[in-house]
Amino acid sequence: DLFYQLSPVHQLPATTDDQLPVGRNIGFGLTNSYTLLADLSQQNFSVQTLPSAPTESVLKTTQIVVLDDLVSFYSDSEIEELREWISYGGRLILTINNSEAHQKANEILLGTGISIASVDPFNEMVIPTTPQSPFNGITEVGWINGSSVLAVDNNEKITIIDSQSRPLAATSTFGEGVVMVFSNSLFNDSQLLQYQNRQLSQAVFNWSAEPPLWLEI
């Protein structure tokens, strides 16, 4: 079942004029997301599919990496290489749903102030519509009940909450890079065409191509 509610709460942190380098090269590590893959190609992103963890040679030419529960199969050295890439300015979009992926996801997120806390049911979700948000203007979006709930050390990092104010998505810096974490595989084919999920995915990737460098988050 999909549950949704939009409300103008929780904005992204304030930005400065300094920005990370613009880049539209994506390492695509999502499963069952063929519609999104086609959308990104039409939006002038250069997309390389990742059958496994991104290698050093891939990361050297990639600005954005998007991954899902398959990170549960990553080795310690692959996770460390990914974290180093983020710290030098990479942008990671992480969509985690299954509890089996929590441990590896949290190893990737160590030091960001964001972690996957639990799988818990919720009834409604709330998305920010402030000018600072990459989701501004989106009024309906679908989310699967029973997804993971995040633990976040600073409310300014939270971008999506449920009706009990539990974080479902958050964004943070790590070194010179940025991570966006979603507690649900909302970009796969079964969900992308629900409500305004497709517009949400477009906003997320366009924002990630030129993210602001934030202060104090």
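Residues numbered from 1 in each chain as written. Predicted model: local features only at pLDDT ≥ 70, side-chain atom pairs only at ≥ 80, totals over all residues. Heavy atoms only, no water.

Below, the discussion takes up unusual backbone geometry. We note that Asn32 has phi near 55 degrees; this positive angle belongs to a residue other than glycine. In this structure, Asn32 sits in the loop between strand 2 (25-29) and helix 1 (34-42). One non-glycine residue, Asn44, lies in positive phi territory at about 65 degrees. Structurally, Asn44 can be placed in the loop between helix 1 and strand 3 (46-49). (Helix = DSSP H or I, 4+ residues; strand = E, 2+ residues; numbered from the N terminus.)

Relative to the elements of secondary structure, Asp68 occurs in the loop between strand 4 (64-67) and helix 3 (76-87). Of note is the side chain of Asp68, whose polar atom sits 2.9 Å from the backbone nitrogen of Thr31. Sequence-distant contacts of Asp68, defined by excluding residues within four places in its chain, comprise Gly29, Leu30, Thr31, Thr95 and Ile96. (Polar contact = N/O pair within 3.5 Å; in protein donor to acceptor, adjacent residues only side chain to side chain. Contact = heavy atoms within 4.5 Å.)

Residues three or four positions apart in an α-helix share a direction because the helix packs 3.6 residues into each turn. For helix 3, which comprises twelve residues, the first-to-last C-alpha distance of 17 Å matches the rise-based estimate of 16 Å (1.5 Å per residue) to within 8%. Restricting attention to buried positions, one finds in helix 3 the residues Ile79, Leu82, Arg83, Trp85 and Ile86. An end-on view of helix 3 places all buried positions within 160 degrees of arc, on one side of the element. Exposed side of helix 3, more than 90 degrees from the buried face: Asp76 and Ser77 are the residues found there. On the buried face of helix 3, the contacting elements are helix 2 (56-60), strand 4, strand 5 (91-95), helix 4 (102-109), strand 10 (167-174) and strand 11 (177-182). Note on helix 3: the residue one or two positions beyond its end, Gly89, has a positive phi of about 125 degrees. (Expected span 1.5 Å × (residues − 1). Buried < 20%, exposed > 50% of the residue type's maximum accessible area, 1.4 Å probe, protein only. Arc of directions from axis to C-beta.)

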